[in-house]
Amino acid sequence: MATTPIRSQNVQQAGRMKKDESFLGKLGGTLVRKKKAKEVSDLQEEGKNAINTPLSPTPTDIHPEDTMLEENEERTMIEPNSKEEAKFKELIKVLIDWINDVLVEERIIVKSLEEDLYDGQVLQKLLEKLANRKLNVAEVTQSEIGQKQKLQTVLESVNDLLRPQGWAIKWSVDSIHRKKMVAILHLLVALAMHFRAPIRLPEHVSVQVVVVRKREGILQTSHVTEEFTSTTEMMMGRFERDAFDTLFDHAPDKLNVVKKSLITFVNKHLNKLNLEVTELETQFADGVYLVLLMGLLEDYFVPLYNFYLTPESFEQKVIHKSIVES
């Protein structure tokens, strides 16, 4: 009879000990979580301090994810002052209005380049409309993997169009999907210039960009200038396209018909000098027939001592080019 109270007391003490241990465990877990949260906060603060150095004229508004870098990783962001420049805002507005005009029949309205273009849906429709071709991609996709796959297909098609024209590719699937305005603007300006968009891009638009890199565990920053447009003359002149570009793009099967018509036209005049052309590419390459044809068409005679009937060097062919241009 005397042992019962002792057992009861032992059970109660054991219960209290378990409860205390449980409480301490929870308290310990909470403290660990708070410590980890503080470490993340401190790391983010370190990133901001590294960027907002005295070398930077104004503090740069950055996202926390832009300071969480792996070793040798790099992030970029536009300085706030650049975003407020009138020409920068005008460029964005002109491009948005252009996209909406092109896609008006698709009932697509773009309000923000970052928010509306990152998943590839609008870019797909824009390229299909401009290039008059259908891309083999899923119409709607919500997953990040699906969006990046769509972007990959769209950007590969864009790059195939622009690389032969000498464009430097300043965009990627990752930069577009992460809504990086610099990459998006480079892409849209290139498309507008390539497809001769009926818009006037503002001249000399550029922004200051902060580049953040992680080297040996330390965040390093630098500032670079990204230029989107130059002068109207340079932008339009570099990619001036003519009727033959249109033939190559949209009706290559009709090119031979055009060549035959040109050969007939050329021979109609060169036959007066007992000359005949069968291949435009080879027989006009040295400029001799072109000089003679220009004289016949403009009703003047080029003295034989002013050019070479059988040019033997590149310099002699250049002389023929100067005669035609004059």
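Predicted model, so just to flag it, every value in this text is computed and none were measured.

A. Geometry of the packing of aromatic side chains. Here the structure, examined in full by the defined rule, presents 0 aromatic pairs. For lysine 179, the ring lying beneath its charged end belongs to tyrosine 118, and the centroid distance is 4.6 Å.

B. The confidence of the model for the protein chain, seen in detail. Per-residue pLDDT for the protein chain has a mean of 76; in total, 68% of the residues score no lower than 70. Of all the helices and strands in the protein chain, helix H1 (residues 3-51) carries the lowest mean pLDDT, 50, while helix H3 (residues 86-102) carries the highest, 95. Across residues 50-61, confidence stays below pLDDT 50; counting only partners more than four residues off in sequence or on other chains, it has 22 contacts.

C. Summary view of helix H13 (residues 288-298). Within the span of H13, buried status applies to Val288, Tyr289, Val291, Leu292, Leu293 and Gly295. Once H13 finishes, aspartate 299 follows within two positions and takes phi at roughly 60°, a positive value.

D. Structural detail: unusual backbone geometry. At arginine 107, a residue that is not glycine, the phi angle is positive and equals roughly 55°. Within the secondary structure layout, arginine 107 lies in the loop between H3 and helix H4 (113-117). Even without being glycine, lysine 179 reaches a positive phi, approximately 65°. Relative to the helices and strands, lysine 179 is located in the loop between helix H7 (173-177) and helix H8 (181-194).

E. Expanded view of the sheet that holds strand S1 (residues 74-78). On the basis of which strands lie adjacent, the open sheet formed by 3 strands has the order S1-S2-S3 and antiparallel pairing. Because the sheet does not close on itself, it has two edges, and the strands there are S1 and strand S3 (218-227). Averaged over neighbouring strand pairs, the angle between their axes works out to 25° when direction is ignored. With 10 bridges connecting them, strand S2 (residues 206-215) and S3 associate as antiparallel partners. What sits directly across from glutamine 208, in S3, is threonine 225.

F. Spotlight on helix H11 (residues 255-270). For H11, built from 16 residues, the straight-helix expectation of 22 Å at 1.5 Å per residue is met to within 8% by its first-to-last C-alpha distance of 22 Å. If you check which residues of H11 are buried, you get Leu255, Ile263, Val266, Asn267, His269 and Leu270. One side of H11 holds all its buried residues, which, seen down the axis, span an arc of 155°. Projecting away from the buried face of H11 at angles above 90 degrees are the exposed residues Val257, Lys260, Thr264 and Lys268.

G. Structural context of the environment of leucine 126. Within the secondary structure, leucine 126 sits in helix H5 (residues 121-131). Accessibility expressed as a relative area gives 1% for leucine 126, which makes it buried. Along the sequence, leucine 126 and glutamate 106 sit 20 residues apart, while their C-alpha atoms lie 9.7 Å from each other. Beyond its immediate chain neighbours, meaning those up to four positions away, leucine 126 contacts Trp98, Ile99, Val102, Leu103, Leu188 and Leu191.

H. Inspection of the pairing of S2 at higher detail. Alignment of S1 against S2, held across 5 bridges, turns out to be antiparallel. Note on S2: the bridge partner recorded for threonine 76 is valine 211. Counting the residues that bridge the hairpin from S2 to S3 gives 2 residues, and of these glutamate 216 lies at a positive phi of roughly 55°.

I. View of the side chain of histidine 177. Locating histidine 177 in the fold gives a position in helix H7. Judged by relative accessible area, which is 11%, histidine 177 ranks as buried. Discounting residues that sit within four places of it in the chain, histidine 177 has contacts with Tyr118, Glu144, Gln147, Lys148 and Leu151.

J. Examining the environment of glutamate 139 more closely. Note that glutamate 139 resides in the loop between H5 and helix H6 (144-162). A residue is classified by how much of its surface remains accessible, and glutamate 139, at 32% relative accessible area, is partly exposed. Ignoring anything within four residues of it in the chain, the contact list for glutamate 139 reads Gln121, Gln124, Lys125, Lys134 and Lys150.

About the cut-offs
- Per chain, the residues get numbers from 1 upward, laid out in the order the sequence is written.
- A pLDDT threshold of at least 70 governs which residues receive local features in this predicted model, and a stricter bar of 80 or more applies before side-chain atom pairs are shown or counted, although totals over entire chains, interfaces and linings include all residues.
- Excluding hydrogens and water, the side-chain figures rest on all heavy atoms present in the structure.
- Centres within 6.5 Å make a pair out of two Phe, Tyr or Trp rings, where for Trp the six-membered ring is used; the pair is then stacked when the planes are under 30 degrees apart, edge-to-face when over 60, and tilted otherwise.
- Working rule: Lys NZ or Arg CZ, within 6 Å of ring centre, within 35 degrees of ring normal, means a charge sits over the ring.
- Scored from 0 to 100, pLDDT records how confident the predictor is in each individual residue.
- Counting from the N terminus, the helices are DSSP H or I runs at least four residues long and the strands are E runs at least two residues long.
- Should any heavy atoms of two residues lie within 4.5 Å, those residues are counted as being in contact.
- Exposed residues in this analysis have more than 50% of their type's maximum accessible area, buried residues have under 20%, and partly exposed residues fall in between, with area computed by a 1.4 Å probe over protein chains only.
- DSSP-based pairing: two strands are paired if at least 2 bridges between them are found.
- Helix axes are fitted only over the stretch in contact, all axes being lines through C-alpha atoms; the angle between N-to-C directions runs from 0 to 180 degrees.
- A helix is expected to span 1.5 Å multiplied by its residue count minus one.
- Starting at the helix axis, one direction is taken to each C-beta atom, and the arc is that of these directions.

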